Amino acid sequence: MKVTIKIFFLLLAISLAIGGVMVYAKTKVEPPMTIKQVDQYAEDIATSRKALVSVKNEVMEDSIFFTAIDRINVFNLENKIQSDRSDKYLDNCMNAYCSLFMNRCFSEFKKSVWNDNEHNNILSRVSVLKSLLHSDKSMALTKQETDSLNLITRVISDYRQARRISRSTVFSGVANAQSVISQANSFSNNGYLRNCTDLMSSLRNVKSEIATSHYNYVSTQVDKLSQYRYFSKTYYENTLIPHVDAVTTEYDNKAQSLYGSKRDVNALWQRARGFYDQAMSYYGNTETNN
């Protein structure tokens, strides 16, 4: 029995020795397994892109995107990533951010109240996006993204021009009145601008406000005839009276077609005639006294 146990342990020892030798030999013959390399820079940028897609806050979207762009540029300048990979990472981040940014812009245009400060912020971001370039100096934006950003810029430009038109209600000539009214009508039919309620209200009032301004202008010119004491008779008869006659006649002839209605000018003619009679009496007395 003791002999059997001794033989067993002897065989076990021999087996372990042979196994050890085989393992040692294998490590000498086969090279060690290569440890999988982790691209920490790619992971860093990928993490930023995932955060950009998942975040639901506009301020955070902007912060994450521009931080990611800065990191891509730094990694490239420090030769931690090659230019082709830098371009790829830039495209991925641009694609994610532009989609979010454009949705945000068009949602802004659907509001009934528009904010000038927000428009300034939008235009600032558009400018930055258009400035981002690949390593070969080509635009990072795709054509579709560029077209969308151009549309956003145009909507804001139209809005600002429409605002100026809506405030151009002082009469400064028939030709200008026609132009302003035509532009006001055009902007009133703009699909995006129509959402801005106060702008639409102002544009609709442009015609009537210019009409009122036009009549008031003519009335003011008529009243100048009452200031005959400050003019020579020659200027009064040869310059001022023809001018008043011309502007009054112009309003009488064109107001209806231009504004859709006009005020009666008979009262203006009667007032002008009264001032004229007073002036002639004044000039007659002056000449007699002299």
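Look up a bit, the structure's there.
Cut-off values and rules
- Residues numbered from 1 in each chain as written.
- Predicted model: local features only at pLDDT ≥ 70, side-chain atom pairs only at ≥ 80, totals over all residues.
- Heavy atoms only, no water.
- Helix = DSSP H or I, 4+ residues; strand = E, 2+ residues; numbered from the N terminus.
- Buried < 20%, exposed > 50% of the residue type's maximum accessible area, 1.4 Å probe, protein only.
- Contact = heavy atoms within 4.5 Å.
- Areas by Shrake-Rupley, 256 points an atom, 1.4 Å probe, with all protein chains shown as cover.
- Phe/Tyr/Trp six-rings, centres within 6.5 Å; stacked < 30°, edge-to-face > 60°.
- Lys NZ or Arg CZ within 6 Å of the ring centre and 35° of its normal.
- Core = buried A, V, L, I, M, F, W, Y, C linked by side-chain atoms within 4.5 Å.
- Salt bridge = Lys/Arg side-chain N within 4 Å of Asp/Glu carboxyl O.

Chemist: Got a minute to help me understand the overall build of the protein chain in this structure?
Modeler: Of the regular secondary structure elements, the protein chain holds ten helices and zero strands. Traced from its N-terminal end to its C-terminal end, the protein chain shows the element sequence α-α-α-α-α-α-α-α-α-α. Counting the 290 residues in the protein chain, one finds 32% classified as buried. Long-range pairs, those at least 24 residues apart, make up 71% of the contacts in the protein chain with a sequence separation of at least 6. Accessible area for the protein chain stands at about 18,300 Å²; split by element, carbon and sulfur atoms hold 53% of it.

Chemist: I keep staring at the packing of aromatic side chains and nothing clicks. Help me out?
Modeler: Between two aromatic rings, the relevant description is the distance of the centres plus the angle of the planes. Taken as a whole and judged by the stated rule, the model has 16 aromatic pairs. Judged by centre distance (5.0 Å) and plane angle (70°), the ring pair of Phe 65 and Phe 66 falls under edge-to-face. Judged by relative accessible area, Phe 65 falls into the buried class, the value being 0%. A relative accessible area of 25% means that Phe 66 is categorised as partly exposed. Pairing Trp 114 with Tyr 159 gives two aromatic rings, centres 5.1 Å apart and planes at 35°, and the pair type is tilted. Taken together, the residues span a long stretch of sequence, with Trp 114 in the loop between α4 (83–108) and α5 (116–131) and Tyr 159 in helix α6 (residues 143–166) at a distance of 45 residues. Each member of the pair, Trp 114 as well as Tyr 159, is classed as buried. Through a chain of ring-to-ring contacts, three or more aromatic side chains come together here, namely Phe 106, Phe 109, Trp 114, Tyr 159 and Tyr 192. Above the ring of Tyr 282, the side-chain terminus of Arg 229 is found at 5.7 Å from the ring centroid. A cation over a ring is seen here: Arg 263 above Tyr 215, with NZ or CZ 3.9 Å from the ring centre.

Chemist: Just to check I follow, could you spell out the nonpolar core for this structure?
Modeler: Where a protein is soluble and globular, its nonpolar side chains tend to be buried together. Counting residues in each nonpolar core, the largest one holds 64 residues, and the members touching the most others are Met 94, Leu 129 and Tyr 259. Setting aside chain neighbours within four positions, we find Met 94 in contact with Phe 65, Leu 129, Leu 132, Ala 140, Leu 141 and Glu 145.

Chemist: Any chance you could explain the pattern of salt bridges here in plain terms?
Modeler: Inspection of every chain in the model, using the stated rule, returns ten salt bridges. Residue Glu 78 pairs with Lys 80 through a salt bridge whose shortest N-O separation is 2.8 Å. The partly exposed category is assigned to Lys 80, whose relative accessible area is 35%. Between Asp 277 and Arg 273 there is a salt bridge, and its shortest N-O distance comes to 3.9 Å.

Chemist: How do you make sense of the environment of Ala 140 when you look at a structure like this?
Modeler: In this structure, Ala 140 sits in the loop between α5 and α6. Remark: the alpha-carbon pair of Ala 140 and Leu 90, spanning 50 residues in sequence, is separated by 7.4 Å.

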